[in-house]
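# A closer look at the structure
Here's the letter readout for the chains.
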Amino acid sequence: MGRNIIELKNLTKRFGDVTVVNNINLTIKENEFVTLLGPSGCGKTTTLRMIGGFEEPDEGQIFFEGKLLNPIPAYKRNINTVFQRYALFTHMNVFENIAFGLRIKKIPKDEIEKRVKRMLKLVDLEGFEKRNVDSLSGGQQQRVAIARALVNEPKVLLLDEPLGALDLKLRKEMQIELLDMQRSIGITFIYVTHDQEEALTMSDTVVVMNNGVIQQVGTPQDIYNEPINRFVADFIGESNIIEAVMLEDYKVAFDDVVLDCVDKGFAKNEPVDIVIRPEDIRIVTNPDEGMIKGTVKSVIFKGVHYEMMIESDTGREYMVHRTIAFPVGSYVGMNVQPFDIQVMKRGDPL
Amino acid sequence: MKKTLRILAYPYVVWMVIFIVVPLFLILFYSFTKGDIHDIGSLEFSVESYKKVAEPLYLKVIGDSFLLAFISTAICLVLGYPVALIIANTDQKYRSLLMMLFLVPIWMNFLLRTYAWMSLLSPNGLINRFLTAIGLPRLEIMPGNAAVLLGMVYNFLPFMVLPIYTVLSKIDKQVLEASSDLGGNKVVTFTRVILPLSIPGVVSGITMVFLPAVSTFVISGLLGGGKTPLIGDMIEQQFLFARNWHFGSSLSIILMVMILISMAVMSRIDKNNQEEGGKAR
Amino acid sequence: MKKAVKRIYMGIIFLFLYAPIIVLIVFSFNKSKSRGQWGGFTLDWYVDLFKDRQIREALYFTLLVAVLSTLISTIVGTIAALGINNMGKFSRSVILNINNLPVLNPDIVTGVALMTLFISVKIELGFVTMLIAHIVFSIPYVILAVLPKLRQMNKHIAEAAMDLGATPSYALRKVIIPEIAPGIISGALMAFTLSIDDFVISFFTAGTSATNLSILIYSMAKRGVKPTINALSTLMFTVVLILMLIINKKSEKGEEILL
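Residues numbered from 1 in each chain as written. Chains lettered and ligands numbered in written order. Predicted model: local features only at pLDDT ≥ 70, side-chain atom pairs only at ≥ 80, totals over all residues. Heavy atoms only, no water.

## Looking at the overall build of chain C
Tallying secondary structure elements over chain C gives 12 helices and zero strands in all. Secondary structure elements in chain C, listed N-terminal to C-terminal, are α-α-α-α-α-α-α-α-α-α-α-α. Along the longest, intermediate and shortest principal axes, the C-alpha atoms of chain C span 75 × 65 × 30 Å. Relative to its 259 residues, chain C shows a buried fraction of 52%. The contacts in chain C between residues at least 6 apart in sequence include a share of 67% that link residues at least 24 apart. Summed over all atoms, the accessible surface of chain C reaches about 12000 Å², with 68% contributed by carbon and sulfur. Looking at charge distribution, chain C has the averaged site of its 24 positive side-chain charges lying 6 Å from that of its 14 negative ones. (Helix = DSSP H or I, 4+ residues; strand = E, 2+ residues; numbered from the N terminus. Buried < 20%, exposed > 50% of the residue type's maximum accessible area, 1.4 Å probe, protein only. Contact = heavy atoms within 4.5 Å. Areas by Shrake-Rupley, 256 points an atom, 1.4 Å probe, with all protein chains shown as cover. Lys, Arg positive; Asp, Glu negative; His and termini not counted. Charge placed at Lys NZ, Arg CZ, Asp CG, Glu CD.)

## So, the arrangement of the chains
Contacts between protein chains span two pairs of chains, and they are most numerous for chains B and C. Chain B makes no contact with chain A, the minimum C-alpha separation between the two being 9 Å.

## What to know about the sheet that holds strand S2 (residues 18–29) of chain A
Residues and elements named next belong to chain A. In space, the four strands of this open sheet follow the order S2-S1-S4-S5, with antiparallel pairing throughout. Of all the strands in the sheet, the pair left with one neighbour each is S2 and strand S5 (67–68). Sheet analysis places strand S4 (residues 59–64) next to S5, joined by two bridges and oriented antiparallel. What sits directly across from Phe-64, in S5, is Lys-67. Where helix H1 (residues 44–52) meets the sheet, it contacts strand S1 (4–15), S2 and S4, and its direction lies at approximately 120° from that of S1. (Pairing = 2+ DSSP bridges. Axes fitted to C-alpha atoms, helices over the stretch in contact; angles between N-to-C directions.)

## Considerations on the interface of chain B and chain C
In this complex, chain B contributes 76 residues to the contact, which on the side of chain C involves 80 residues. Across the interface of chain B and chain C, roughly 7400 Å² is buried in total on both sides, 80% from carbon and sulfur atoms. For the chain B face of the interface with chain C, the top three residues by lost area are Tyr12(B), Trp107(B) and Tyr115(B), together amounting to 11%. At the boundary of chain B and chain C, one finds zero salt bridges. Our count for the contact surface shared by chain B and chain C stands at seven residue pairs in polar contact (both at pLDDT 80 or more). In terms of residue count, helix H2 (residues 10–31) of chain B provides more of the side of chain B that touches chain C than any other element does, 15 residues in total. Grouping the amino acids of the side of chain B that touches chain C by side-chain chemistry returns 62 nonpolar, 10 polar and four charged. (Buried area = accessible area lost by both parts, 1.4 Å probe. Salt bridge = Lys/Arg side-chain N within 4 Å of Asp/Glu carboxyl O. Polar contact = N/O pair within 3.5 Å; in protein donor to acceptor, adjacent residues only side chain to side chain. Nonpolar A, V, L, I, M, F, W, Y, C, P; charged D, E, K, R; others polar.)

## Notes on the packing of helix H3 (residues 53–85) of chain C against helix H8 (residues 168–197) of chain C
All names here are of chain C. In contact at an axis separation of 9 Å, H3 and H8 are set at 140° when each is read in the N-to-C sense. Relative to H8, H3 is oriented so that their crossing is right-handed. Across the interface between the two elements, Thr-62, Leu-63, Val-65, Ala-66, Val-67, Ser-69, Thr-70, Ser-73, Thr-74, Thr-78 and Leu-82 from H3 touch Leu-172, Ile-176, Ile-177, Ile-180, Ile-184, Ala-188, Ala-191, Phe-192, Ser-195 and Ile-196 from H8. Per-class residue counts for the contact of H3 with H8 are 14 nonpolar, seven polar and no charged. (Left-handed = near helix turned anticlockwise from the far one by under 90°.)

## Looking at helix H3 (residues 109–122) of chain A
Residue and element names in this part refer to chain A. Over its 14 residues, H3 extends 20 Å from the first C-alpha to the last, a length consistent with the 20 Å expected when each residue adds 1.5 Å. Ile-112, Arg-115, Val-116, Met-119 and Leu-120 are the residues of H3 that are buried. Down the axis of H3, the sector holding all buried residues measures 140°, keeping them to one side. Along H3, the residues that are exposed and aim more than 90 degrees away from the buried face are Asp-110, Lys-114 and Lys-121. Those residues of H3 that are buried are in contact with helix H2 (94–104) and helix H4 (138–150). Two residues or fewer past H3, Asp-124 is found with a positive phi of approximately 65°. (Expected span 1.5 Å × (residues − 1). Arc of directions from axis to C-beta.)

## Considerations on unusual backbone geometry
Even without a glycine there, the phi angle at Lys106(A) is positive, about 55°. Within the secondary structure layout, Lys106(A) lies in the loop between H2 and H3. What makes Lys106(A) exposed here is its relative accessible area of 72%. Located in the positive-phi region is Lys122(C), a residue other than glycine, with phi close to 60°. Position of Lys122(C) among the secondary structure elements: in the loop between helix H5 (107–120) and helix H6 (127–152).

## Remarks on the pairing of strand S18 (residues 317–322) of chain A
Residue and element names in this part refer to chain A. Here strand S17 (residues 306–312) pairs with S18 via six bridges, running antiparallel. By the bridge assignment for S18, Glu-311 is matched with Glu-317. The loop that links S17 with its antiparallel partner S18 comprises four residues; one of these, Gly-315, has a positive phi angle of about 95°.

## Some points on the confidence of the model for chain C
Mean pLDDT for chain C: 87, with 92% of residues reaching 70 or above. A low-confidence stretch, residues 252–259 of chain C stays under pLDDT 50, and its non-local contacts, those more than four residues away or across chains, total 15 contacts. (pLDDT = per-residue confidence, 0-100.)

## Considering the sheet that holds strand S19 (residues 331–335) of chain A
Two modes of strand pairing occur in sheets, parallel and antiparallel, and in both the strands are linked by backbone hydrogen bonds. All names here are of chain A. Pairing within the open sheet is antiparallel, and its five strands lie in the order S15-S19-S16-S17-S18. The open sheet terminates on both sides in strands that have one partner only, identified here as strand S15 (282–284) and S18. Adjacent strand axes in the sheet meet at a mean angle of 45° when their direction is disregarded. As paired elements, strand S16 (residues 292–301) and S19 share four bridges and run antiparallel to each other. Bridged to Lys-293 within S19 is Gly-333.

## Brief notes about the pattern of salt bridges
Residue and element names in this part refer to chain A. Per the counting criterion, the structure on display carries 31 salt bridges over all chains. Among the ionic pairs, Glu-113 bridges to Lys-117, the shortest N-O distance being 3.6 Å. Taken as a pair, Glu-113 and Lys-117 lie in helix H3 at a separation of four residues, close to a single helical turn. Among the residues examined, Glu-113 registers a relative accessible area of 39% and is labelled partly exposed. For Lys-117, a relative accessible area of 38% puts it in the partly exposed group.

Okay, here's the thing in structure tokens:
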């Protein structure tokens, strides 16, 4: 990955007295697939719309290839957007929708023809030129929206929950196609979604946001395995989050258990949060062989695995994912490897 | 963008104030004053014209107007509902043709339609010639209230049928199947399912008939021969002939207020009905 | 049996609806001046109609007012709808409520109110006041037709156009207006038919210098009936019928326009 293409510096946006985006800083590199991830209302779409030029920041700067972007109106930015629910022009056919931006740039007719054809091929819609956009399926409309944006050869493509309106199967297919497209044409994608699985599957970099503040920036692996705080841990995947105390380096305690971990550098007896992913808890039939003992309260079959709720003797519930089920009511032991325990600074209680 | 586009409405807002709000306030102003209308400085506050409205003679006019409008609305409902039901149950291919046939007459100038009834109903009109020819007694309803009612029903019947038809034709056929599946016979299906579902159409039909009927002065003028003056005739007279704007304004205000009240009542009925429907679901 | 009852009922209703119209048409070809007697076939009334300067003038006023008021109210109404659509909830509902007044108020109240305004500010009643009155009651219908189309439109569509390089005015002309065109057209059709058909409001605002067809028919009908009106009715009815058939054929949504 190359140079920085987009830089956000101290960006803030308020709607009335609500601060939607609060002083965020972010650097995006050329050809990077960056996902802004967070619950609705976290400010991810507003951030995207500020980059696109549809909202003006109240404070802070946006740089595009080192140049200040703030004063440039949307229609002069070399950035294109794929809108939520597509925003196709229903009075135009597929060809005219895709050619719209090229016509404005007064590109010669045969050149337009060539480029639109190429795009239709890329999004697998050859032969659909004359079709009315209303007559297309959701997935096809999605492709037209992508083609309409990409045909202008933007350096950055913004995608605002582009797959939100599609059903699950189509979503998965489109995820792969989008990724292929991004790799083959080599442009920067900034992608907004509230779907953590989608973010983890597609991105080079995930930016987790909450309440207008960036919580964590990192690769999907970082975000999943080493969530920086309770919010990220809770939002990404399923997890057991436990309030604990850091006894000393590499030793963490809660309830009546003391566990080994790989973290250090906390103060003695500092209160922390720890995360244990449900798939990282192993179950042994002999309760005495487990670090924690508990009773199986419920078992649900989830397809690939069983989800069990196990209540420890001290009354804490653990979610455990295993491929083998233990019958409800059985008394078992649970073990966790030190490197499967993620220790985080105690944040605000959720 | 949003803010710049907003400016586009401002000229119309000014227009609305000048040509919608100010005229109504003028009417209100004249209704509460007395004196020479051409010399605004000489006008003084007075409820005289409202007192005049309360005289038995004029109360009767208002009462007659509402009574005639009420009766014609009722007749339109009784005649129109079956029409809407029949058309809604017709085969898809004939349905829009039938509806079009039904609506064609309203595309003819309504004065002409009223005038046509004049030529049919007049003492020497076609109907009477026909009746005399076959030895039946003459039909002497014009000029008179019966002719006015007939004119109202004739002119406004389509406005009753149209909204009811629209609602009926949108009822999901599966709802009717569900009703018979659950043991409802045709009568039950009609009274418990179709009728309640069509209430919104009935309500807007009633409003669309009652409103023009209560304020008309053309129909009563042409077919009634001035025998029973209606509130519309009174307003016309006060503004055009008697030149008593104060009294005319009071009558207009009263008409407006009564109509607004009846519309509020109707929309309340509509809302209640929808809420009950919501609960039932 | 039940089918027969239905058919007879519909037959009676249609007879009731069409009888007066048919009578008018038949008698427009009647040689006898009397309304009850058939005196043989003639086209005299049609010839008279075209010789009649009064009727020609009334037709001219009717069409001129209809065309001008439709044009103006469609443009003003569409622009206003664009503005209203971008307003806050409160100001939008205030404006729409005022906008609805001419729709909900009885025509006679709108008519006398406007007449009062014109006379109070000493504007002589005539062609201009009638035109203004028609614009006043047409714009609300245009707005009511255009606004839902604007609301239905994907709210990001203007942004999408600008995202692709369109300036705001280009986006308005090439994207937003075409997107809401069906609403604009049905608003214009509504305005045109309302204007052609209006009697009450014209009656109060036209004064004596500008008599349109409705006013002429009213005064003729009051004074006593001339057979030329029969001819006029027949012609107008035929024109409307032909127009409707064309509209119905041209658009699959004929029913919608019809309403």
